[in-house]
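If you want the building blocks of each chain, they are given just below.
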Amino acid sequence: KPGMPARSEVIVTVQKQVIAQLLNLGFPQAQVFKQDAVVDFERSQMDATLIIEPGPYIQLGALVLNGLTEVNAEHMRRISGWVENVAYRQSTLEQLRRVYLDTGLFEAVRYQIPSDIQQDSTVPVTFTFTERKHRSFGAGLEYSSSEGVGSKVYWEHRNFFGQGEKLRANLHVSEITQDLTASFVKPNVFMRHQSLKAEAHVKHENTDAYTEESARLYLGLDRLWGKYWKLGGGMFVEFSRVEENND
C-alpha cells in the first residue's frame, strides 16, 4: 500500500495473507512464483511485485479414514460433518483435525490430498490416525491420622464401545471408609458437544460414633456452550442409612 514503511516484514505478511486466502478458496497448491522489490532512493520509495501461482482449483470429495483399529469409523464420519463437492478449504481440514484430536482418542491426526491434482477435479481427502492407548490402571497407598492406612485403585477405558465412551471405576479402602464409584460418559449424544453422563456411588463408613451405608445414582446430560461454558442437568436418587454405635 502506498505510504507504508518499506520493510521486508510487510512484504512477507502480505505474501502469507494472499496464500492463506487462496488455500481457503479452492487452491491447495498456491505458491509465490516470483517476488521483486525495487528501491528508488531518489524518491525514497520501494516498489514490490508479487506474482502468485494459484495452481489448480479443486473440490473436496470422499472422506477416507486410515489407521482406525479400535475406534468406530462410522462414528468418526458422523462427527465430521463432512460435505462433498464444495471448494477446497484448508481451514475446514484443520478444524476437522482439531475435532478428532479433541476426542482424546488419538496421539496424532494427519490429512493429505493426492499430489497429482487436476484443474476442476474432485479429490478425496485422507485422514490418517494414530490411536492412543484406551485403557489405564492405577493404584496407590495412603495414610492419615483420621482414617489410618488406606489404598486407592482406579481403572479407566476411554473407548468402551468404540465411539469414545469413557468408563471409569474408583475404589477407595481405608480402616474406616470403603467406597466405590463407577462413571460412564457417552459423547455426542443426539448432537455434537452433548454428552450423556451416568454415575453410581456406594459407600460404607464405620467410625466410633456411627455406621453409615449410602448409595447414589445419577443420570444427566452435559452440553458445551461456546468455548468455555458447559451446561448440564439431570436427576439422581440417593439412599442413606446411619446407625449410632453405642458401644
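Bear in mind the structure is a predicted one, so any value in this text is a computation, not a measurement.

## Describing a nonpolar patch on the surface
Okay, so step 1: Side chains of Phe-137, Val-153, Trp-155, Phe-160, Phe-161, Leu-171, Val-173, Leu-180 and Val-202 sit close together on the surface and give an oily, nonpolar patch of about 790 Å² of accessible area.
Okay, so step 2: Breaking the nonpolar patch down by element, the ones donating at least two residues are strand E8 (148-157) and strand E9 (166-174).
Okay, so step 3: Turning to its location among the elements, Phe-161 is positioned in the loop between E8 and E9.

## Side note on the sheet that holds strand E5 (residues 106-112)
Okay, so step 1: With respect to topology, four strands assemble into an open sheet ordered E4-E3-E6-E5, the strand pairing being mixed. The open sheet terminates on both sides in strands that have one partner only, identified here as strand E4 (86-87) and E5.
Okay, so step 2: Judged from the seven bridges that link them, strand E3 (residues 58-66) and strand E6 (residues 121-131) form a sheet pairing that is parallel. By the bridge assignment for E6, Val-64 is matched with Thr-126.
Okay, so step 3: Each of E3 and E5 is contacted by helix H2 (residues 73-80), which is oriented at about 145 degrees to E3, the strand it contacts most.
Okay, so step 4: Where helix H3 (residues 90-102) meets the sheet, its contacts fall on E3, E5 and E6, and the angle it forms with E5 comes to roughly 160 degrees.

## Some details on the pattern of salt bridges
Okay, so step 1: Enumeration over the complete set of coordinates arrives at ten salt bridges.
Okay, so step 2: In this structure, the salt-bridge partner of Lys-186 is Glu-165, at a minimum N-O distance of 3.1 Å. On the criterion of sequence distance, the pair formed by Lys-186 in strand E10 (residues 177-186) and Glu-165 in the loop between E8 and E9 is long-range, its members being 21 residues apart.
Okay, so step 3: Looking at Glu-165, the relative accessible area reads 1%, which means it is buried.
Okay, so step 4: A single network of salt bridges, built from pairs that share partners, joins Glu-156, Arg-158 and Arg-168.

Reading guide: rules and limits
Residues numbered from 1 in each chain as written. Predicted model: local features only at pLDDT ≥ 70, side-chain atom pairs only at ≥ 80, totals over all residues. Heavy atoms only, no water. Patch = residues over 30% accessible without salt bridge, like charges linked within 9 Å, V, L, I, M, F, W, Y side chains within 5 Å. Areas by Shrake-Rupley, 256 points an atom, 1.4 Å probe, with all protein chains shown as cover. Salt bridge = Lys/Arg side-chain N within 4 Å of Asp/Glu carboxyl O. Helix = DSSP H or I, 4+ residues; strand = E, 2+ residues; numbered from the N terminus. Pairing = 2+ DSSP bridges. Contact = heavy atoms within 4.5 Å. Axes fitted to C-alpha atoms, helices over the stretch in contact; angles between N-to-C directions. Buried < 20%, exposed > 50% of the residue type's maximum accessible area, 1.4 Å probe, protein only.

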